[in-house]
Amino acid sequence: MSWFSSSLIAWLTAEGDVRRYSEALVILRCKYTSRKVLYKLKLVFEIIAHCNTFNECCRDNFGTKTEIEELSTKELIKVIDNCLELGATKFNLSGGEILLVAMSKLKQILEYIQSCGAVGVINTNGRLVTDKLLGEIGHATKQINFGFNSTNPKTNMLMGKYQPNEKYGNYEELILANMDKVNNHNLLLELNILMSALNIPDMEDMAQVINDKKIKRVRANEFTPSRGAKANNELFATTREEYLAGCQKLKTFCPSVEVALKTKEYYENGFSIVTSNGMLIVSKNGVDIPLADLRQDKIDGKAIVEKVGVA
Ligand code: SF4
C-alpha cells in the first residue's frame, strides 16, 4: 500500500466516519512539495450562478442574478480534469439551481465524471425534478440532494419567498412529490437543511418527512453569515445550543438516519468551492481565498498548496 493510501486511511479512521471516504471531495496530495503534506479540501462545484428561487439566506443571492454566465461543456471538462488532478473523488454539483443547466449538458458532465471513475452528485432545490430528467441522468448519478428547510409554508415564505405560483404550484407539495420521483428511480435521496432561527422549531415535522421519504442522510447546516448571507444574520442566526437542539430532535425522531452536523466552523475553515467561472476558492477563517483558475490547461499544485498554507 502506498504512503498516500495509508495516510488517507489513517485520516479516515481518525475522523471516525467512514463516509468521509466518499465525501473527501478533493484531496490534495502535495507531491509538488518536498514535505509531502496531505491537504484536504471539501469541494462544491457551482456549475451555474443563477437560480429559479430567491432565498434570503442564499450566500450569493443567486436568485437575483439575471446575467447567466456558464462555462461551456469543454471548459467544464477542463475544470473537472483539473479537480481530478488534485485528487477529486466526488463532485457535489450545485448552483444556483443546477437543473437550470441544459439537460444534455448536465448528462454529458455526469457521464464524463463517471467515466473518470469519480462520483457526481446533484444538489438541487427540487423544483425542476421530473421523471423525464431522472430517466435521462439516472444512469450517471447515484444520488440527488434536496435543499428543503421546512414543511411549514410560513417558514418557507420567510426563508425563501417560496410562494405558490402558476409555474410551480404549492411549493411544499411539489417538493414532497418530487422526492417520491427520486425514490421511484432508485436514486439515493439526501436532504440539506439550512438550520436557522426560523425553521429549527419545525424539526419535528421535518423528521416525519425524513422518515416518510426514506431519507438515509441529512446534512444539518448551521446558518453561517458568510458572503451574501451576512445581510440577513439578524433574521437567521441561532445560538449553538439552538442549532444542536434542532439536530438532536432529528436524531431522536429519525434514529436510523445519519445526521451530519455542518457547523459554522466547517464552512469558515477549509470549505472549498469551484465557482461557476471555474475558480477554486477556499474559505479559511471566514475569508474566501481564490486559489486557482481551473480553466487553465495546467494548474500549479505547488502554488495552490502554498496559498492554503499561508492563509
Ligand atoms: S435555492 Fe439555493 S441557490 Fe437558489 S436562492 Fe436558494 S439557497 Fe440560493
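All figures in this text were calculated on a predicted structure; none of them were measured in a lab.

Thresholds applied
Residues numbered from 1 in each chain as written. Predicted model: local features only at pLDDT ≥ 70, side-chain atom pairs only at ≥ 80, totals over all residues. Axes fitted to C-alpha atoms, helices over the stretch in contact; angles between N-to-C directions. Helix = DSSP H or I, 4+ residues; strand = E, 2+ residues; numbered from the N terminus. Parallel < 35°, antiparallel > 145°, perpendicular 65-115°, else oblique. Left-handed = near helix turned anticlockwise from the far one by under 90°. Contact = placed C-beta atoms within 7 Å. Near = placed C-beta within 6 Å. Nonpolar A, V, L, I, M, F, W, Y, C, P; charged D, E, K, R; others polar. Pairing = 2+ DSSP bridges. Right-handed = clockwise from strand over helix to strand, strands pointing away. Buried ≥ 20, exposed ≤ 12 C-beta atoms within 10 Å, placed from the backbone.

S.K.: What is the right way to read the packing of helix H3 (residues 73-85) against helix H4 (residues 103-115) from this model?
M.R.: Each pair of packed helices can be described by the angle between their axes along with the distance between the axes. Where H3 meets H4, the axes come as close as 11 Å, and the angle between the chain directions of the two elements is 25°. In terms of orientation, H3 and H4 fall into the roughly parallel class. Between H3 and H4 lies a crossing whose hand is right-handed. Here Thr 73, Leu 76, Ile 77 and Ile 80 of H3 lie close against H4, whose contacting residues are Lys 105, Gln 108, Ile 109, Tyr 112 and Ile 113.

S.K.: Help me understand the site of the ligand in this model?
M.R.: In the region of the ligand, 13 residues are neighbours, and Cys 51, Asn 55, Cys 58, Gly 63 and Asn 125 sit closest. For the shell around the ligand, a count of residues per class yields four nonpolar, eight polar and one charged.

S.K.: What should I look at first to understand the pairing of strand S7 (residues 217-222) in this one?
M.R.: Each regular strand displays side chains that alternate between the two surfaces of the sheet. Strand direction decides the pairing type here: strand S6 (residues 188-195) and S7, joined by six bridges, are parallel. What sits directly across from Leu 194, in S7, is Asn 221. With respect to chirality, the unit in which S6 leads through helix H8 (residues 203-212) into the neighbouring parallel S7 is right-handed. Note: S7 against strand S8 (residues 258-262), five bridges, orientation parallel. By the bridge assignment for S8, Asn 221 is matched with Lys 262.

S.K.: Honestly, the environment of Ser 150 in this entry has me stumped. Any pointers?
M.R.: When you line up the elements, Ser 150 lands in the loop between strand S5 (143-147) and helix H6 (153-160). Under the C-beta neighbour-count criterion, Ser 150 is labelled buried, with 26 such atoms within 10 Å. Sequence spacing of Ser 150 and Ile 193 is 43 residues, and the spatial spacing of their C-alpha atoms is 8.2 Å. Not counting chain neighbours up to four residues away, the residues in contact with Ser 150 comprise Thr 155, Asn 156, Asn 199, Asp 202 and Met 206.

S.K.: When you look at the pairing of strand S4 (residues 119-124) in this model, what are you seeing that I'm missing?
M.R.: A large share of S4 lies buried, amounting to five of its six residues. Relative to S4, strand S3 (residues 90-94) runs parallel, the two being bridged by four bridges. Bridge pairing in S4 links Phe 91 to Gly 120. Sheet topology places S4 next to S5; three bridges connect them, and they run parallel. In the strand pairing of S5, Ile 122 is matched with Ile 144. The β-α-β motif built from S4, the intervening helix H5 (residues 131-137) and the parallel element S5 has right-handed crossover chirality.

Purely spatial values, then, with no claim about function.
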